[in-house]
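Residues per chain, in single letters:
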Amino acid sequence: MRAFYTPQAAQPPSHTSFFHNPNHLHLKPQNCTVALNSPNSSTSSAAIKTTDHNNLFIQSLCKQGNLKQAIKVLAREPYPTQHTYELLILACIHLNSISDGQFVHHHLLDNGFDEDPFLATKLINMYSELDAIDDAREVFDQIPHRTIYVWNALFRALSLASKGEECLESYRRMNKIGIPSDRFTYTYVLKACVVSGCSVSLLKKGKEIHGHILRHGYEANVHVMTTLLDMYARFGCVSYANHLFREMSGRRNVVSWSAMIACYTKNGMPFEALGVFREMMTKTNDSIPNSVTMVSVLQACAALAALEQGRLIHAYILRRGLDSILPLISALVIMYARCGKLEQGQWVFDKMDRRDVVSWNSLISSYGIHGFGKEAIQVFEEMIHHGVSPSPITFVSVLGACSHAGLVEEGKMLFDSMSKEHGIYPSVEHYACMVDLLGRANRLDEAAKLIQDMRIEPGIKVWASLLGSCRIHCNVELAEMASNRLFKLEPANAGNYVLLADVYAEAGMWDEVKRVKKLLEARGLQKVPGQSWIEVRRKIYSFLTVDESSPQKEQLHALVVKLSKEMKEKGYVPQTKVVLYDLDAEEKERIVLGHSEKLAVAFGLINTSHGEPIRITKNLRLCEDCHSFTKFVSKFTSKEILVRDANRFHHFTNGVCSCGDYW
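Owing to the predicted nature of the structure, the values given are computational and were not obtained by experimental measurement.

Cut-offs and rules
- Residues numbered from 1 in each chain as written.
- Predicted model: local features only at pLDDT ≥ 70, side-chain atom pairs only at ≥ 80, totals over all residues.
- Heavy atoms only, no water.
- Helix = DSSP H or I, 4+ residues; strand = E, 2+ residues; numbered from the N terminus.
- Buried < 20%, exposed > 50% of the residue type's maximum accessible area, 1.4 Å probe, protein only.
- Areas by Shrake-Rupley, 256 points an atom, 1.4 Å probe, with all protein chains shown as cover.
- Contact = heavy atoms within 4.5 Å.
- pLDDT = per-residue confidence, 0-100.
- Pairing = 2+ DSSP bridges.
- Core = buried A, V, L, I, M, F, W, Y, C linked by side-chain atoms within 4.5 Å.
- Arc of directions from axis to C-beta.
- Disulfide = S-S within 2.5 Å.
- Phe/Tyr/Trp six-rings, centres within 6.5 Å; stacked < 30°, edge-to-face > 60°.
- Expected span 1.5 Å × (residues − 1).
- Salt bridge = Lys/Arg side-chain N within 4 Å of Asp/Glu carboxyl O.
- Right-handed = clockwise from strand over helix to strand, strands pointing away.

### A closer look at the overall build of the protein
So, point 1. In terms of helices and strands, the protein carries 33 helices and six strands.
So, point 2. Projecting the C-alpha coordinates of the protein onto the three principal axes gives extents of approximately 110 × 55 × 50 Å.
So, point 3. Looking at the protein as a whole, 52% of its 663 residues qualify as buried.
So, point 4. When the accessible surface of the protein is totalled, it reaches about 30600 Å², and 52% of it is carbon and sulfur.

### A look at the side chain of serine 159
So, point 1. In this structure, serine 159 sits in helix α8 (residues 148-160).
So, point 2. Ignoring sequence-local partners within four residues, the contact set of serine 159 consists of Cys167, Tyr188, Ala192 and Val195.

### Observations regarding the confidence of the model for the protein
So, point 1. Here the protein averages 88 in pLDDT, while 92% of its residues score no lower than 70.
So, point 2. Confidence, expressed as mean pLDDT per element, reaches its minimum in the protein at helix α1 (residues 17-20) with 28 and its maximum at helix α21 (residues 373-385) with 97.
So, point 3. A low-confidence stretch, residues 1-43 (pLDDT under 50), is modelled with 81 contacts involving residues beyond four sequence positions or located in other chains.

### Description of the sheet that holds strand β6 (residues 656-657)
So, point 1. Reading across the sheet, the six strands line up as β2-β1-β3-β4-β5-β6 and stay open at both edges, with mixed pairing between neighbours. The two strands at the open ends of the sheet, each matched to only one other strand, are β2 (539-544) and β6.
So, point 2. In this structure, strand β1 (residues 531-536) lies alongside strand β3 (residues 614-618), joined through three bridges in antiparallel fashion. Residue pairing across strands places serine 532 opposite lysine 618, the latter belonging to β3.

### Section: the nonpolar core
So, point 1. Core analysis: the biggest nonpolar cluster contains 172 residues, and Leu88, Ile209 and Leu466 have the highest contact counts within it.
So, point 2. Residues within four places of leucine 466 in sequence aside, it is in contact with Val435, Leu444, Ala447, Ile451, Leu478, Met481 and Ala482.
So, point 3. Core analysis: the next-biggest nonpolar cluster, separate from the first, contains 33 residues, Val560, Phe603, Leu605 and Cys659 among them.

### A short note on helix α31 (residues 585-592)
So, point 1. Within the span of α31, buried status applies to Lys588, Glu589 and Val592. End-on view of α31: buried residues confined to an arc of 100°, all on one side of the axis. In α31, the exposed residues that point more than 90 degrees away from the buried face are Glu586 and Arg590.
So, point 2. In the core, the buried residues of α31 are packed alongside α29 (510-522), α30 (553-568), α32 (596-607) and α33 (624-636).

### Details of the state of the cysteines
So, point 1. On inspection of all chains with the given rule, the structure shows zero disulfides.
So, point 2. As a non-bridged cysteine, cysteine 263 has cysteine 237 as the owner of its nearest cysteine sulfur, 9.1 Å distant.
So, point 3. Judged by its relative accessible area of 1%, cysteine 263 falls in the buried class.
So, point 4. Looking at the unpaired cysteine 470, the closest cysteine sulfur is the one in cysteine 474, lying at 9.3 Å.
So, point 5. Of the residues examined, cysteine 470 reaches a relative accessible area of 0% and is grouped as buried.

### A short note on the packing of aromatic side chains
So, point 1. What the rule picks out here adds up to 17 aromatic pairs.
So, point 2. Their ring planes at 70° and their centres at 4.8 Å tell us that phenylalanine 140 and tryptophan 151 sit as a pair that is edge-to-face. Of this pair, phenylalanine 140 sits in helix α7 (residues 133-141) while tryptophan 151 sits in helix α8, and the two are eleven residues apart along the sequence.
So, point 3. By relative accessible area, phenylalanine 140 is classed as buried at 1%.
So, point 4. Classification of tryptophan 151 by relative accessible area gives buried; the value is 1%.

### Brief notes about the environment of valine 435
So, point 1. The residue valine 435 is located in helix α24 (residues 428-440) in this model.
So, point 2. Of the residues examined, valine 435 reaches a relative accessible area of 0% and is grouped as buried.
So, point 3. Those residues in contact with valine 435 that sit more than four places away from it in its chain are Ala447, Leu450, Ile451, Val462, Ser465, Leu466 and Ser469.

### A closer look at α33
So, point 1. Compared with the 18 Å implied by 1.5 Å per residue over 13 residues, the 19 Å span of α33 between its first and last C-alpha is a close match.
So, point 2. Burial analysis of α33 places eleven of its 13 residues in the buried class, the great majority of the element.
So, point 3. Downstream of α33 by a residue or two, serine 638 has a phi angle that is positive, lying close to 55°.

### Comments concerning unusual backbone geometry
So, point 1. Despite not being glycine, asparagine 654 has its phi angle at roughly 55°, a positive value.
So, point 2. Within the secondary structure, asparagine 654 is located in the loop between β5 (649-653) and β6.
So, point 3. Residues other than glycine seldom take positive phi values, yet aspartate 661 does so here, at roughly 60°.
So, point 4. As for its position among the elements, aspartate 661 is in the segment after β6.

### Focus: the pairing of β5
So, point 1. Note: strand β4 (residues 641-644) against β5, four bridges, orientation antiparallel. The residue bridging isoleucine 641 from the neighbouring strand is phenylalanine 652, located in β5.
So, point 2. What sits between β4 and β5 in their antiparallel hairpin is a turn of four residues.
So, point 3. Across two bridges, β5 lies against β6 in antiparallel orientation. From the neighbouring strand, threonine 653 faces β6, where its bridge partner is valine 656.

### Things to note about the pattern of salt bridges
Any two side chains of opposite charge can pair if their charged atoms end up close together.
So, point 1. Inspection of the entire model under this criterion finds 28 salt bridges.
So, point 2. The residue lysine 449 makes a salt bridge to aspartate 453 at a minimum N-O spacing of 2.5 Å.
So, point 3. Residue classification places lysine 449 among the partly exposed residues on the basis of a relative accessible area of 44%.
So, point 4. Overall, aspartate 453 belongs to the partly exposed group, its relative accessible area being 43%.
So, point 5. Between glutamate 512 and arginine 515 there is a salt bridge, and its shortest N-O distance comes to 2.8 Å. Residue glutamate 512 and its partner arginine 515 are both found in helix α29; the two are separated by three residues, about one turn of the helix.
So, point 6. Of the residues examined, arginine 515 reaches a relative accessible area of 38% and is grouped as partly exposed.
So, point 7. It is possible to trace a salt-bridge network through shared partners that takes in Glu409, Lys412, Arg443 and Glu446.

### A few points about the pairing of β3
So, point 1. Counting buried positions over the five residues of β3 gives five, a clear majority of the element.
So, point 2. Both faces of β3 are covered, namely the face carrying Ile614, Ile616 and Lys618 and the face carrying Arg615 and Thr617.
So, point 3. Sheet analysis places β3 next to β4, joined by four bridges and oriented parallel. Within β4, the residue paired with arginine 615 across the bridge is leucine 642.
So, point 4. For the crossover from β3 across α33 to β4, the handedness is right-handed.

### Here we look at the side chain of serine 97
So, point 1. When you line up the elements, serine 97 lands in the loop between α4 (82-94) and α5 (98-110).
So, point 2. Leaving out residues up to four positions away in the same chain, serine 97 has contacts with Leu67, Cys92 and Leu130.

What follows is the structure, given as structure tokens:
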């Protein structure tokens, strides 16, 4: 249950603070014992005592969770107090009872509290928590004299209901009539900028709110600035977020540290995320990491396949007694799986005292990225057997697992079961999984037919799945159709142009390759460089394709060339078709030998001990040549090599990859 907003600036919320706080007496009736329409002076003392008794009785029943009995007493009590209504409203929230909440609301109106701003905030919060945003709006509209607390309650309700545009429009109206904002206002409207999607127009409004914050002197408020940092992070404006974070030096708390770590993690910068975490641990004494911090740190470890650092974090979690927090343990399951230790992730899952759907999803996706589709389906069926209802993310995970394992018929059955058996209607993400499943299996016509029959707009993910499959199977016609849609939907994504150029190159259409490359140049776009990471003795090393700053660069390049020559004698043939230039074979071979994953493999061979696996993470899909190269290395060096690329895990042992050359 979320913490409820109470209109106080300094002290923490409580159910009775307004009733006893003289600074807020203007928000409540003048008499603390009876309501606004209290009995006149001729009322007997016995009647007043009965009213007092009934109010105390109703309040006691609410605190005990006995809402139904409290409602019965309320029905025969003509003079409930403000505090009685407050506790009734809170009880309706706790028991998730919209019908009782509406009864209390109407009773409250009949007893003259229709213009009480304090109870209005409580009612708005209640309707917000009970997913009745229309009722929340109606309460707001009925208050003639709106305080900042009532406006804030509306902003909070609209943000929670993902009505970001409406919240920002209401904020504009409030500014127009001259009601000054407080720190709660800014946190709610900043959150409103991201709840409806991260569009350019919403980012612009967020920047305008940033200007309001500076003009009204709230740049020293750590809560406001942390929310602002988080807003920029969600828009991918990492440099803005980092600037704010550095400006907060000396005023940072655990929330701001956690927000910056999450910013880097969610924006594909796990290396930097771990750097901020190390800074937090070494430079601060008062900001102790909490479970939210640790989830982001584990995600960063997972992204880098930083197993040893992940194990240290696991030990820290155990020492702090945080091992009962479900999101944190679910993140541990994923971390171990993404570091190549699927069995360790399963062990963590098995030790959980209780599991929610997120926990099950973590295990399903873990099996999926390792290519164990049938096992992922078994976990899905076990979850159903335990009475846990699948979520939309569950189906994204299990359909993705089917795609990686080539389980087409099983995936189709699961897709059909979503609406028929579980009442979940497929979203764009589910259709994208199905297109990927069919496309990888070279059933591209069937994938195209599925897109054509969709009841919703396909969107970026669906077309990207189709284009990726066309890249694998060199289908020029469908690749052109998918890429043309993607060029309109996300014109600044260079990856789509590169995939189309890959298809043309595979088909030997070099004039078309040149045309696509000219489009890239004309639009000022650059291909995302390949980058790989490897952890050796708890330190993480990063490699970029053809990177002159790589550690031990000369030694690494020499080793890669030496390995290539030796492996050619044993059957290795460089797959130079991945080079998008019409060059001679020797020059193409030189280019593929500089790929980042080859440099990471060479670094691992030099710097790991005998019998120690090499674990590498790649930001892009593993190319065909690096896949073939690594298979040969694992065979002729007797090294176990684990590579996780953008799609899945590759476990190389004795010349064989766990993906079965299906990725």
